[in-house]
Amino acid sequence: MSNKKLFEEFDYVIDVRTPKEYSNSHIPNSVNLPVFTNQEHENIGTIYKQESPLKATIMGASIACKNISAILDSIPKNKELQSILNHKNKLLIYCARGGKRSEAMKTILGHIGFRVTKLENGYKGYRNEVVNYFSTPLRHHFISLCGPTGCGKSEIIEILKTSSIDLEKLAKHYGSSFGTMATQHMGNQPSQKMFENTLYEELCNKEKESILFIESESRKLGNLIIPSTLFETYHKGTNVLIQAPMEQRIKRIVNLYQDISETEFFSAMKKIKPYIPKSIFISLEKLWENQEFEEIARILIEKYYDKVYKIAKHSHRILNTNLAETVKELLEIKNLIKAEVPYNGNVQVKSHFANCSKN
């Protein structure tokens, strides 16, 4: 079940695991109200393994009661908590495996009148569904946008966001040697698990769309790897080559990377240094000193990106000189192939709320 459906049933999903666990990966859009701190969780685990499971259980129960009490005590002073822990809301609570932490929170909240449900099998059960989803053939057909750097593919994906998957936004990486610059605008890259979770939710939320647009990214986006089934599916889909005039490409690249620092620029340049002549590298260094960004972009396009980029086999080609016209052409392509693409839109995604215990 996607988050869209999730929030039709529950007003808030509460993750009671530690901040460390939550930071690594969680159900997208869930709220973290930890029952244990990172250190408390570690200490309890150590006592469980090295001393006594009973001692660890008693210690855990004591700390959980204290921390849940502190959460409740802070409600009058915390507007965000007031909006979440409200008797009008339907709450779903989960921990790592649907065990003691979520049960403790559910029991206490339930006894004071909150409408609360526990997710059986917890986050582990949710992750199993994500893994299973990407282990089976995907139901969508993809219109995959390929083409050289700076041709506006990302802008097109953004305009078509109701029927597209934005891999760069989800991965927080632009997909090029300079792709880490995305962290300035979108934050640090998520963990691999969190990337897969958000991909899963995006695909589930758009399960009624038989055809989705996607950018034809390579297998890796920074430190992240695109799930094999998704990667193979969109590369076997309908490939559309997007091209654009050189001046427009230069303008896009300069606009995208205008805030790049000297350290970031030369760090990225080191990655591509083996693939460009030494004379070109020296020229780029001098151009950087003079802040001639447009000329830097031109040289990088002509001497690096266009040379290393391999044009994929494609059935359609669009010269993107006007975004509105390009989007119109893509939607016409979608309509042309829609009737030809078999799609089982009635296949139900297994709900990760099938095993919930309600108060």
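Residues numbered from 1 in each chain as written. Predicted model: local features only at pLDDT ≥ 70, side-chain atom pairs only at ≥ 80, totals over all residues. Heavy atoms only, no water.

Glancing now at the overall build of the protein chain. Summing up its helical and strand segments, the protein chain has 17 helices and 12 strands in all. Relative to its 359 residues, the protein chain shows a buried fraction of 47%. Intrachain contacts of the protein chain at a sequence separation of at least 6 include 74% that bridge at least 24 residues. When the accessible surface of the protein chain is summed, it comes to about 18600 Å², and 51% of that surface belongs to carbon and sulfur atoms. (Helix = DSSP H or I, 4+ residues; strand = E, 2+ residues; numbered from the N terminus. Buried < 20%, exposed > 50% of the residue type's maximum accessible area, 1.4 Å probe, protein only. Contact = heavy atoms within 4.5 Å. Areas by Shrake-Rupley, 256 points an atom, 1.4 Å probe, with all protein chains shown as cover.)

Of note, Thr229 is situated in helix α12 (residues 228-235). Apart from the residues lying within four places of it in its own chain, the contact partners of Thr229 are Phe134, Ser135, Thr136 and Leu138.

A word on the environment of Glu21. Residue position: Glu21 is located in helix α2 (residues 19-24). Sequence separation between Glu21 and Cys95 is 74 residues; the distance between their C-alpha atoms is 9.6 Å. With residues up to four places along the chain from it excluded, the contact list for Glu21 reads His41, Ala96 and Arg101. Engagement of the side chain of Glu21 in a polar contact is seen with the side chain of Arg101, the distance being 2.8 Å. (Polar contact = N/O pair within 3.5 Å; in protein donor to acceptor, adjacent residues only side chain to side chain.)

Applying the stated criterion across every chain yields a total of 17 salt bridges. Taking the shortest distance from any N to any O, the salt bridge between Glu51 and Lys55 comes out at 2.7 Å. Overall, Glu51 belongs to the exposed group, its relative accessible area being 52%. Given the relative accessible area of 44%, Lys55 is considered partly exposed. Glu215 is the partner of Lys153 in a salt bridge, and the nearest nitrogen-oxygen pair spans 4.0 Å. Linking Lys153 in helix α8 (residues 153-159) with Glu215 in strand β7 (residues 211-215), this pair joins segments that are 62 residues apart in sequence. Looking at Lys153, the relative accessible area reads 8%, which means it is buried. Judged by relative accessible area, which is 11%, Glu215 ranks as buried. Taken together, the salt bridges that share partners define one network made up of Glu103, Lys118 and Glu120. (Salt bridge = Lys/Arg side-chain N within 4 Å of Asp/Glu carboxyl O.)

With that settled, the discussion passes to the confidence of the model for the protein chain. Any residue range with low pLDDT should be treated as having predicted coordinates unsuitable for detailed reading. Confidence along the protein chain averages 88 in pLDDT terms, with 90% of residues attaining 70 or more. Ranking the elements of the protein chain by mean pLDDT puts strand β12 (residues 356-358) last, at 53, and strand β2 (residues 31-32) first, at 98. In this model residues 344-355 is a low-confidence stretch, pLDDT under 50, and it forms 29 contacts with partners more than four residues away in sequence or in other chains. (pLDDT = per-residue confidence, 0-100.)

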